[in-house]
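Listed below, chain by chain, are the residues.
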Amino acid sequence: FDIEELPPDVLPRKKPPQFMVDLFNKVADANGITRAPGLLEGDVVRSFEDRVHVDQYHFYFDISAMERGEQMLKAEFRVFKLKRTHMSRRSDVKHFCKVEVYELLESGSKPQKKRLIASRLLSLYAEGWEVFNVTQTVSKWVGNSSSNHGFLITTTHVFDNRIEHNLVKFAKSQGALQESRNAALLVLFTNSNKRKSSSFVPSSTKMNPAKNDASHVPRETPIIESSNVSMSRRPRAAAIPSTKSQVTACHRRELYVDFRAIGWSGWIIYPSGYNAFYCRGSCLFPLGESLNATNHATVQSIVHTLKLSQDVSTPCCVPDELKSLNLLYFDDKENVVLKNYKDMVATRCGC
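So, a few notes on the structure that sits alongside this text. (Residues numbered from 1 in each chain as written. Predicted model: local features only at pLDDT ≥ 70, side-chain atom pairs only at ≥ 80, totals over all residues. Heavy atoms only, no water.)

1. A closer look at helix α1 (residues 18-27)
Point 1. Among the residues of α1, Met-20, Val-21, Leu-23, Phe-24 and Val-27 are the ones counted as buried. Angular distribution of buried residues about the axis of α1 spans 160°; they occupy a single face of the element.
Point 2. Packing partners of the buried residues in α1 comprise β1 (44-49), β9 (185-191), β13 (268-270), β16 (318-330) and β17 (336-350). (Buried < 20%, exposed > 50% of the residue type's maximum accessible area, 1.4 Å probe, protein only. Helix = DSSP H or I, 4+ residues; strand = E, 2+ residues; numbered from the N terminus. Arc of directions from axis to C-beta. Contact = heavy atoms within 4.5 Å.)

2. Notes on the pattern of salt bridges
Point 1. For the structure shown, the criterion picks out 14 salt bridges.
Point 2. Put simply, Asp-320 and Arg-348 hold a salt bridge, and the shortest N to O gap is 3.0 Å. Taken together, the positions of Asp-320 in strand β16 and Arg-348 in strand β17 put the pair 28 residues apart, joining distant regions of the chain.
Point 3. Classification of Asp-320 by relative accessible area gives partly exposed; the value is 33%.
Point 4. Via salt bridges that share partners, Glu-41, Lys-74, Glu-76 and Arg-78 belong to a single interconnected network. (Salt bridge = Lys/Arg side-chain N within 4 Å of Asp/Glu carboxyl O.)

3. Observations concerning the packing of aromatic side chains
Point 1. Applying the stated criterion across every chain yields a total of twelve aromatic pairs.
Point 2. Centroid distance Phe-77 to Phe-151: 4.6 Å. Interplanar angle 20°. Geometry classified as stacked. Here Phe-151 lies in strand β7 (residues 151-159) and Phe-77 lies in strand β3 (residues 71-81), a separation of 74 residues in the sequence.
Point 3. Its relative accessible area of 0% is what places Phe-77 among the buried residues.
Point 4. A ring pair is formed by Phe-80 and Trp-129, whose centres lie 5.4 Å apart and whose planes are at 75°; its orientation type is edge-to-face. Of this pair, Phe-80 sits in strand β3 while Trp-129 sits in strand β6 (residues 128-133), and the two are 49 residues apart along the sequence. (Phe/Tyr/Trp six-rings, centres within 6.5 Å; stacked < 30°, edge-to-face > 60°.)

4. With respect to the nonpolar core
Point 1. Residues Phe-59, Phe-61, Phe-77, Val-138, Phe-151, Leu-186 and Leu-188 are the most contacted members of the largest nonpolar core, which totals 32 residues.
Point 2. For this core, the elements supplying multiple residues, two or more each, are β3, β4 (96-104), β5 (114-123), α2 (135-143), β7 and β9.
Point 3. The biggest single contributor to this core is β4, with five residues.
Point 4. Sequence-distant contacts of Phe-61, defined by excluding residues within four places in its chain, comprise Phe-48, Glu-49, Asp-50, Phe-77, Asn-148, Phe-151, Ala-184, Leu-185 and Leu-186.
Point 5. By size, the runner-up hydrophobic cluster in this structure holds 21 residues, among which are Val-44, Ile-268, Phe-277 and Leu-325. (Core = buried A, V, L, I, M, F, W, Y, C linked by side-chain atoms within 4.5 Å.)

5. Some points on the sheet that holds β16
Point 1. The seven strands are arranged β6-β3-β9-β1-β17-β16-β13 in an open sheet whose pairing can be described as antiparallel. Each of the sheet's edge strands pairs with one partner strand only, and the pair in question is β6 and β13. Neighbour to neighbour, the strand axes of the sheet diverge by 30° on average, direction disregarded.
Point 2. Pairing of β16 with β17 involves eleven bridges; the strand directions are antiparallel. Residue Leu-327 lies in a different strand from β17, and its bridge partner there is Lys-339.
Point 3. Of the strands in this sheet, β1, β3, β9, β13, β16 and β17 are in contact with α1, which crosses β17 at around 20°.
Point 4. Contacting β3, β6 and β9, α2 runs over the sheet at an angle of about 120° to β3. (Pairing = 2+ DSSP bridges. Axes fitted to C-alpha atoms, helices over the stretch in contact; angles between N-to-C directions.)

6. Concerning unusual backbone geometry
Backbone geometry follows two general trends: most residues other than glycine have a negative phi, and most peptide bonds adopt the trans configuration.
Point 1. Look at the link from Tyr-270 to Pro-271: it is a cis peptide, with omega at -5°.
Point 2. If you trace the backbone, Pro-271 turns up in the loop between β13 and β14 (273-275).
Point 3. Phi at Glu-334 takes a positive value of approximately 65°, unusual for a residue other than glycine.
Point 4. The topology assignment puts Glu-334 in the loop between β16 and β17.

7. Quick word on the state of the cysteines
Point 1. For the structure on display, the rule yields three disulfides.
Point 2. Between the sulfur atoms of Cys-250 and its disulfide mate Cys-317 the distance is 2.1 Å. Given an S-S torsion of about 75°, the disulfide between Cys-250 and Cys-317 has right-handed geometry. With Cys-250 in the loop between β10 (224-225) and β11 (251-253) and Cys-317 in the loop between α6 (295-305) and β16, this pair connects stretches of sequence that are 67 residues apart.
Point 3. Relative accessible area serves as the criterion here: at 1%, Cys-317 is assigned to the buried category.
Point 4. Each sulfur in the disulfide pair Cys-279 and Cys-349 lies 2.0 Å from the other. (Disulfide = S-S within 2.5 Å.)

8. Describing the side chain of Asn-326
Point 1. Within the element layout of this structure, Asn-326 appears in strand β16.
Point 2. Overall, the relative accessible area of 2% leaves Asn-326 in the buried class.
Point 3. If sequence neighbours within four positions are ignored, Asn-326 has contacts with Phe-24, Val-27, Ala-28, Gly-32, Ile-33, Thr-34, Tyr-270, Pro-271, Leu-338, Lys-339 and Asn-340.

Written as structure tokens, this is what we have:
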């Protein structure tokens, strides 16, 4: 998967942020297959949860899990404004307050040095998500991690020429044991920025299914289920059978990858598995239109049939059209990541 941050063993299962689950369902079907191109900004979405549980208005996010060379496109600071329960009966009371988001420039200093990022008016008595664009600030943090001291939110309400601060509260996580459904999030939309599509194989030292999830996998469970299983993506050309009736033309077959059987269900949230499909069969002369043959394969087939060269075999039956797969998973710091992997599902086979 090009997942250098593959979590050690099996992480304790915690609930992923609802925003990330909704985003997965928006861009992918239940099997993780991309619904339509262009629904996702970039190919990686990383969510980071607030690490400050004491201070009601200070928010800090550890973004060190970003990979080297990853290009950030957009950063969103998402906070859930709680409804103010005490409502004034006086008609002249203004029902709006000013909310300001600051970047903290130092840690622990009093008064705190800060820089204004965004400001808006909010209703005192409404509740819901507020989303602030913090792309410029977080880009600076990515380039220099020591400059990341988090965000500070202030709220100001003017009443009878008196200024009241921090009347409004925002949902905060209560730590690892007490999760808040509406805890603040920092969401980064990025491009993995690699010439080749992301590799789908973790390092061999972390790949061992016995180590990852062995207690949950019966020994007889196949890692990959398919009819007449063939693990080869590009099977070698089979010997030509004596009778034409025995020849099976190049076609697509099912290849279900079960993440639980592989031992990856501890860190992959969605999907639980997917049908990768594979291609199998012969590419014998003449190559019909149904075989989606390339011009090169057609020429190779003629040369093989006429025995013009002993070294030339029949063309291979391979995927010639592929779709991408989306994975929602935990990284090694228990951040939830949505990543799009290209060329994961064979939708058509050809010679």
